[in-house]
Amino acid sequence: MKKENFIWSSTKVGLLAGAVGIFLSLIGMVEIFNKRDVIEKVITLGMFLLVASGFLAGYIASRRTSDLLGENKAVSNLLAGLIAGLSTGLVLTLFVLSSNVVNLRTVFINATPPLFQLLTFGRGAGGAWLLTVYGAILGLLGGGFLLIPQIFRRPVTRAIFFMIFLALFSGLFRVILINQGDGVERIAKFLFSQTGMTINGALIFFFGIIAASMFWSSRGGVIQEKVDGLPRTGKISLRVLGFIVLAYIVLILPQVSGPFIAQVIVIISLYILMGLGLNIEIGFAGLLDLGFVAFYAIGAYTVGLLTSYGEYGLQHVSFWVAVPIAVLVSMFFGGLLGLPVLGVRGDYLAIATLGFGEIIRLLAGSDYMAKYLGGPRGIIGIQKPCIGFLEPFIRVDVPRICNGIELGKPENIYYIAIFSAILIAFISWRLRESRLGRAWMAIREDEDVAEALGVNLIQSKILAYMLGAAFAGLGGAIFATLVGSIFATSMQLIVSINVVALIIVGGMGSIPGVIVGAIALIGLPELLREVSEFRFLLYGVALITVMLVKPEGLWPSQTALRELHHDDATNLASEPHP
């Protein structure tokens, strides 16, 4: 097959990067992100997106050129980067100039004057040519970056990514450090500003990460060998020390980070609970369930009905009594769903469960069930957990008095959610290693073969539905207590989609993968309010990227690794040894 000319290849990369830049501008991402700094008074996050477009275009074009030529050639690589960056800048320049001829805002609401002022550096259409110049320079830098020796390129890459991470979460780190006292507060303000990193902080982190990365590259192997050479007691001591440090951080985190961070962690924990439950159905047993939010809703409504001091409260029991009941009720409905769909597989099962989830949501919000579940008004006045004695119920809309410690704030619910997530993760791990877990995985691989080998399909599937529903019900119960009320509108299909997405991104069948997926897809958008507006875009990009780059997930199970990389292992084994 005839090889593509590298100039044409670089031009295509540049045009594509320019199109991406226009897309990010027209969906409002560039303008909204411009409110946050990467480095204070140097570059905003919005401008960083455009800079990254030009730089990456040059870098990708340079790499493609090396692949086409079979080696790195400085002139060709730099020329490829220059062409790609020039093309990117030219596309953005034409975009700005076209806005003077055509009123783009009649079609694209985000094509606002502030956006074009941003793109032209405040110079109007007369400054559009700067985009072409800057694009060419950035493309040249990107093309040249590939020519830097690997020993320097890797630390610089890590430093850039780490700086972006710190800049995005600068507000979080700043608050945590300021809460530590006067001395640390001065350090916090020296490193972080209100909206990003300070110049001093950026320089310290950039060169610090480079130094640390180069040190680890040169001495990391020796350190690792010394750790591997420790006696068994030494390794155990190191692990115990690591767990103690981790436990200490978990315990003090809500106290030093404030209620917002505590609430975000609670939400992540609730999605971990649901993810671990759905992981049993999808990851272990291969049962695609798109109506998982129904069990979440059942757990929430059960706790609401049993503990609420509002109009629809039934029993006025404590949180600690209501939660086990909510888990059992969710399990019951899990079995109820499992029975009629036992013989349904694949896509048909997904549609059937999707219908179940929608039925529960519509019933909860309907006028028909309003006299029991509140309908659109929902259930309000859910009693907070109390460690101690809870005084008797007096009348509607009057909270019961807690003679002890009331866990009413997110910083308090945090401990319940974290403990529940750890407990459920432990149960999931034990289930996966059990006889039942192996039966589920046999069903996932091939139901007919599993049945032929003696696996009881009915029992195994029903148990998968019931246990998954129980975990989701526990999550719903904690959510209702956290919010203090429950409405049918809170139980949308998107909750089920979120849970499925985090399992796919984290790694199907992997318990650590569920945790990583929840942090990546739920926690990060919550912490980055600007990103949360582009949550669906983020999901799409994350899913496509993971499927292309790491189809086994961010933290895959060993089984998934063996299945997806079987050919690689076979090829390595068949290669002749020197």
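Residues numbered from 1 in each chain as written. Predicted model: local features only at pLDDT ≥ 70, side-chain atom pairs only at ≥ 80, totals over all residues. Heavy atoms only, no water.

Undergrad: Report on the overall build of the protein, specifying residues and quantitative values.
TA: Of regular secondary structure, the protein possesses 26 helices and 6 strands. Across its three principal axes, the protein shows a C-alpha extent of roughly 80 × 60 × 55 Å. Across the 578 residues of the protein, 48% fall into the buried class. Relative to all contacts within the protein whose residues are 6 or more apart in sequence, the contacts with residues 24 or more apart total 72%. Looking at the protein as shown, the accessible area adds up to about 29300 Å², and 69% of this sits on carbon and sulfur atoms. Considering the protein, the positive charge centre built from 40 side chains and the negative charge centre built from 34 side chains are found 6 Å apart. (Helix = DSSP H or I, 4+ residues; strand = E, 2+ residues; numbered from the N terminus. Buried < 20%, exposed > 50% of the residue type's maximum accessible area, 1.4 Å probe, protein only. Contact = heavy atoms within 4.5 Å. Areas by Shrake-Rupley, 256 points an atom, 1.4 Å probe, with all protein chains shown as cover. Lys, Arg positive; Asp, Glu negative; His and termini not counted. Charge placed at Lys NZ, Arg CZ, Asp CG, Glu CD.)

Undergrad: Describe the side chain of glutamate 411, naming the residues involved and giving the relevant values.
TA: Along the chain, glutamate 411 turns up in helix α17 (residues 410-433). Here glutamate 411 is buried and forms no salt bridge, its nearest opposite-charge partner lysine 409 lying at an N-O distance of 5.5 Å. The contacts of glutamate 411, once residues within four sequence positions are left out, are Pro254, Pro259 and Ala262. (Salt bridge = Lys/Arg side-chain N within 4 Å of Asp/Glu carboxyl O.)

Undergrad: Describe the confidence of the model for the protein, and please don't skip the residues or the numbers.
TA: Parts of the model with low pLDDT should not have their predicted coordinates read in detail. Taken over all residues, the pLDDT of the protein has a mean of 86, while the share at 70 or more is 96%. Per-element averaging of pLDDT across the protein places helix α26 (residues 566-574) at the bottom with 57 and helix α13 (residues 293-307) at the top with 93. (pLDDT = per-residue confidence, 0-100.)

Undergrad: Could you give me a rundown of a nonpolar patch on the surface, with the residues and numbers involved?
TA: Taken together, the side chains of Phe215, Trp216, Ile223, Val227, Leu230, Leu238, Leu241, Val245, Tyr248 and Ile249 make up a nonpolar region of the molecular surface, amounting to roughly 930 Å² of accessible area. At the level of elements, α10 (199-228) and α11 (232-257) are the ones that each hand at least two residues to the nonpolar patch. The greatest single-element share of the nonpolar patch, amounting to 5 residues, is contributed by α11. Within the element layout of this structure, leucine 241 appears in helix α11. (Patch = residues over 30% accessible without salt bridge, like charges linked within 9 Å, V, L, I, M, F, W, Y side chains within 5 Å.)

Undergrad: How would you explain the side chain of glutamine 383 if you had to name every residue and give the values?
TA: Along the polypeptide, glutamine 383 turns up in the loop between β3 (379-380) and β4 (386-390). Given a relative accessible area of 3%, glutamine 383 falls into the buried group. A distance of 3.1 Å separates the side chain of glutamine 383 from the backbone nitrogen of arginine 400, its partner in a polar contact. Ignoring anything within four residues of it in the chain, the contact list for glutamine 383 reads Thr307, Ser308, Tyr309, Leu390, Pro399, Arg400, Glu406 and Thr481. (Polar contact = N/O pair within 3.5 Å; in protein donor to acceptor, adjacent residues only side chain to side chain.)

Undergrad: Explain empty space enclosed by the protein residue by residue, including any values.
TA: Under the defined criterion, the tally for this structure stands at 1 cavity of 30 Å³ or more. Roughly 30 Å³ of volume is contained in the largest cavity. In this structure, the largest cavity is lined by Glu391, Pro392, Ile394, Val398, Pro399, Arg400 and Ile401. When the residues that make up the lining of the largest cavity are grouped by side-chain class, the tally is 5 nonpolar, no polar and 2 charged. (1 Å grid on protein atoms, 1.4 Å probe; cavity = no way out; pocket = protein on both sides within 12 Å on 5 of 7 lines; lining within 4 Å. Points joined across faces, edges and corners; volume = space filled by probe spheres on them. Nonpolar A, V, L, I, M, F, W, Y, C, P; charged D, E, K, R; others polar.)

Undergrad: Describe the layout of surface pockets, and please don't skip the residues or the numbers.
TA: Once rolled over the atoms, a probe with the size of a water molecule shows which space is left empty. Size it by volume and the second largest pocket reaches roughly 1200 Å³. The wall of the second largest pocket is formed by 32 residues, among which Leu246, Val250, Ile418, Ile515 and Ile519 lie closest to the centre. Elements with a contribution of two residues or more to the lining of the second largest pocket: α8 (170-178), α11, α12 (259-284), α17 and α22 (511-527). Counting residues per element, the lining of the second largest pocket draws most heavily on α22, at 8 residues.

Undergrad: How would you sum up the pattern of salt bridges? Please name residues and give values.
TA: Following the criterion strictly, the structure yields 8 salt bridges and no others. Salt-bridge contacts for arginine 444 lead to glutamate 445; the nearest nitrogen and oxygen are separated by 3.1 Å. A salt bridge links lysine 550 to glutamate 552, with the nearest nitrogen and oxygen atoms 3.5 Å apart. The buried category is assigned to glutamate 552, whose relative accessible area is 7%.

Undergrad: Could you give an account of the packing of aromatic side chains, with specific residues and numbers?
TA: Inspection of the entire model under this criterion finds 17 aromatic pairs. Plain terms: the ring middles of phenylalanine 162 and phenylalanine 165 are 6.4 Å apart, the flat faces sit at 35° to each other, and that makes the pair tilted. Of this pair, phenylalanine 162 and phenylalanine 165 are both found in helix α7 (residues 150-168), 3 residues apart, which corresponds to roughly one turn of the helix. Judged by its relative accessible area of 34%, phenylalanine 162 falls in the partly exposed class. Using a relative accessible area of 38% as the deciding quantity, one classes phenylalanine 165 as partly exposed. Look at phenylalanine 332 and phenylalanine 333: their rings are 5.6 Å apart centre to centre, the planes differ by 85°, and that puts the pair in the edge-to-face class. Taking the relative accessible area as the measure of exposure, phenylalanine 332 reaches 53% and is therefore exposed. Through a chain of ring-to-ring contacts, three or more aromatic side chains come together here, namely Phe162, Phe165, Phe173, Phe192 and Phe205. Between arginine 430 and the ring centre of tryptophan 429, over which it is positioned, the NZ or CZ distance is 5.2 Å. (Phe/Tyr/Trp six-rings, centres within 6.5 Å; stacked < 30°, edge-to-face > 60°. Lys NZ or Arg CZ within 6 Å of the ring centre and 35° of its normal.)

Undergrad: Mind laying out the environment of tryptophan 320, listing which residues take part and the relevant values?
TA: By secondary structure assignment, the location of tryptophan 320 is in helix α14 (residues 319-338). Counting along the chain gives 53 residues from tryptophan 320 to leucine 373, while the straight-line C-alpha distance between them is 21 Å. Of the polar contacts made by the side chain of tryptophan 320, one reaches the backbone oxygen of cysteine 386; its length is 2.9 Å.

Undergrad: Requested: an account of the environment of serine 460, with residues and values cited.
TA: Inspection of the secondary structure assignment puts serine 460 in helix α20 (residues 457-483). Exposure remark for serine 460: the relative accessible area of 3% places this residue in the buried category. Along the backbone, serine 460 and tryptophan 440 are 20 residues apart, and their C-alpha atoms lie at a distance of 6.5 Å. A polar contact of 2.8 Å, which involves the side chain of serine 460, links it to the backbone oxygen of asparagine 456.

Undergrad: Help me get a handle on the packing of α11 against α17, residues and values and all.
TA: Taken N-terminus to C-terminus, the directions of α11 and α17 make an angle of 155°; their axes are 9 Å apart at the nearest point. Between α11 and α17, the angle is such that the two are roughly antiparallel. Pair α11 / α17 crosses with right-handed handedness. Contacts between α11 and α17 involve Val250, Leu251, Leu253, Pro254 and Gln255 from the former and Glu411, Tyr414, Tyr415 and Ile418 from the latter. For the contact of α11 with α17, the per-class residue count stands at 7 nonpolar, 1 polar and 1 charged. (Axes fitted to C-alpha atoms, helices over the stretch in contact; angles between N-to-C directions. Parallel < 35°, antiparallel > 145°, perpendicular 65-115°, else oblique. Left-handed = near helix turned anticlockwise from the far one by under 90°.)

Undergrad: Before we move on, could you go through unusual backbone geometry and cite the residues and values that matter?
TA: Here lysine 41, not a glycine, exhibits a phi torsion of approximately 65°, which is positive. Its location among the elements puts lysine 41 in the loop between β1 (37-39) and β2 (43-44). Here the phi dihedral of histidine 316 falls at roughly 60°; this positive angle occurs in a residue that is not glycine. If you trace the backbone, histidine 316 turns up in the loop between α13 and α14.

Undergrad: For helix α1 (residues 6-26), give the residues involved together with the corresponding values.
TA: The terminal C-alpha atoms of α1, which comprises 21 residues, lie 30 Å apart, in line with the 30 Å expected from a rise of 1.5 Å per residue. Where α1 terminates, the next one or two residues include glycine 28, which has phi positive at roughly 90°. (Expected span 1.5 Å × (residues − 1).)

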